[in-house]
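# Overview (structure and organization)
So you can see what is in the structure, the chains are spelled out below.
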Amino acid sequence: MILVTGGAGFIGSNFVLDWLAQEGDALLNLDMLTYAGNLNNVQAVRNDPRHVFVKGDIGDSALITQLLATYQPRAIVHFAAESHVDRSILGPAAFVTTNVNGTFSLLEAARAYWAKLPTLEQAAFRFLHVSTDEVYGTLGADDAPFSETTPYAPNSPYAASKAAADHFVRAYHHTYGLPTLTTHCSNNYGPYHFPEKLIPLVITNALAGKALPIYGDGQQVRDWLYVSDHCAAIRRVLKDGTPGESYNIGGWNEKTNLDVVNTLCTMLDQLAPRADARRYSEQITYVKDRPGHDRRYAIDARKIARELGWKPQETFETGIQKTVQWYLANQEWVRDVQSGDYLKWLEKNYSKRERAKESAKDVV
């Protein structure tokens, strides 16, 4: 068995579904079910005896210790995290609590459990920490992509909290010998993505006839990675990665935010035309940029290709087609996750920026 934290969130739930479809091991799924965690994401394996779900907090040391003793996993795959930059700007404390303190508590419990394992099981055990390319900071238009040796330079409270967690994971390997692995991924997209991030937000807002908010000039560049490709990479790192090493996982798909939104609008024009026959791109609205918005992320994923033989299977074109079709076919899931709390947060985040943009126009 393996233990997965955050297995009801976006990437975690995709990992759970792919793991149970392709691997033989059972899986213990620990998730606190905060706003972005949703048991409907793993509804397909609800009756699979290999899937054990526990609602709980990674910061609950007693619970983690009990689960490790009871289920004796051979690995921990740690997804659980607060992950939205905008939320970290409005409320950074939650990011420290989960991403830093929570990871520390999990490491402590894992270290105590690992230290008591028989020698062969100790050697086989792995603690895989899933991190982000945002810990590296931002790139200029002509800068080389982030590599595993790029110095850390986090620019948001979210990125800083993940960087802190990365450092703890590294320290627990070098100080205690805990066999850790760290992965840094680029922007993920695909099924079960909570509609606060760019791609699902644009799809859901477009279909609802709402504004499609674009920060600043929309020329921020991101590398886009289809979530199933990311999950396959994590399985490969877990199986063959060298303890103490980190691996960058990217899709080799650099796109500006505006290009992504226009692509989505064009696809929706074809797959779900507006009733008034007008184009979805007419709903694009430019809002004030968020503070400290990184201009460009790009991942150099040659190390994982060279050492572990992993490369993404999806292009942006094939992945985004699958994503849009999934959201069109799963509107009930979208309605279920758009709770009152979620709608209040959207109003708080974007209405403030729209008012600020209008004020700036008045000044000009």
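Rules used in this analysis
Residues numbered from 1 in each chain as written. Predicted model: local features only at pLDDT ≥ 70, side-chain atom pairs only at ≥ 80, totals over all residues. Heavy atoms only, no water. Pairing = 2+ DSSP bridges. Helix = DSSP H or I, 4+ residues; strand = E, 2+ residues; numbered from the N terminus. Axes fitted to C-alpha atoms, helices over the stretch in contact; angles between N-to-C directions. Contact = heavy atoms within 4.5 Å. Parallel < 35°, antiparallel > 145°, perpendicular 65-115°, else oblique. Left-handed = near helix turned anticlockwise from the far one by under 90°. Nonpolar A, V, L, I, M, F, W, Y, C, P; charged D, E, K, R; others polar. Buried < 20%, exposed > 50% of the residue type's maximum accessible area, 1.4 Å probe, protein only. Right-handed = clockwise from strand over helix to strand, strands pointing away. Salt bridge = Lys/Arg side-chain N within 4 Å of Asp/Glu carboxyl O.

## Thoughts on the sheet that holds strand β3 (residues 51–55)
Pairing in this open sheet of 7 strands is parallel, and the strands run β3-β2-β1-β4-β5-β6-β10 from one edge to the other. Strands with a single pairing partner mark the edges of an open sheet, and in this sheet they are β3 and β10 (246–249). Looking at each pair of strands side by side, their axes are set apart by 20° on average, direction ignored. Pairing geometry for strand β2 (residues 27–31) and β3, over 5 bridges, is parallel. The residue bridging Leu 30 from the neighbouring strand is Val 54, located in β3. Together, β1 (2–5), β2, β3 and β4 (75–78) form the strand contacts of helix α2 (residues 61–71), whose direction differs from that of β2 by roughly 170°. Where helix α8 (residues 227–240) meets the sheet, it contacts β4, β5 (126–132), β6 (180–185) and β10, and its direction lies at approximately 145° from that of β5.

## Looking at the packing of helix α7 (residues 198–208) against helix α9 (residues 257–271)
Following both chains from N to C, one finds α7 and α9 inclined at 40°, their axes separated by 10 Å at the closest point. The angle between α7 and α9 places the two elements in the oblique class. You can see that α7 and α9 cross each other, and the crossing is right-handed. Between α7 and α9, the contacting residues are Leu 198, Ile 199, Val 202, Ile 203, Ala 206 and Leu 207 on the first element and Asn 257, Val 260, Val 261, Leu 264 and Leu 268 on the second.

## Here's the deal with the packing of helix α4 (residues 93–115) against helix α6 (residues 157–176)
Remark: α4 packs on α6, axes separated minimally by 8 Å, with the N-to-C direction vectors making an angle of 15°. When the axes of α4 and α6 are compared, the pair comes out roughly parallel. Crossing angle aside, the handedness with which α4 passes α6 is right-handed. Judged by residue contacts, Phe 95, Asn 99, Val 100, Thr 103, Phe 104, Leu 107, Glu 108, Arg 111 and Trp 114 of α4 engage Tyr 158, Ser 161, Lys 162, Ala 164, Ala 165, Phe 168, Val 169, Tyr 172 and Tyr 176 from α6. Looking at the contact of α4 with α6 residue by residue, the class counts come to 12 nonpolar, 3 polar and 3 charged.

## Some remarks on the pairing of β6
The buried count for β6 comes to 6 of 6 residues, which makes it a mostly enclosed element. A two-sided burial pattern is seen for β6, the buried positions comprising Thr 180, Thr 182 and His 184 on one face and Leu 181, Thr 183 and Cys 185 on the other. As defined by bridge partners, β5 adjoins β6 across 6 bridges and the pair is classed as parallel. The residue bridging His 129 from the neighbouring strand is Thr 182, located in β6. Each parallel crossover has a hand, and the one from β5 via α6 to β6 is right-handed. Bridge count between β6 and β10: 4 bridges; the pairing is parallel.

## Considering the pattern of salt bridges
Two side chains bearing opposite charge may form a pair once their charged atoms approach each other closely. Under the criterion given, the structure shown has 16 salt bridges. With its nearest N and O atoms 3.5 Å apart, the salt bridge here joins Asp 86 to Arg 290. Note that Asp 86 is positioned in helix α3 (residues 85–90) and Arg 290 in the loop between β12 (284–287) and α10 (302–308), a separation of 204 residues in sequence. Asp 86 sits in the buried class, given a relative accessible area of 1%. Taking the relative accessible area as the measure of exposure, Arg 290 reaches 13% and is therefore buried. Salt-bridge contacts for Asp 276 lead to Arg 274; the nearest nitrogen and oxygen are separated by 2.7 Å. On the basis of relative accessibility, which here comes to 19%, the residue Arg 274 falls in the buried class.

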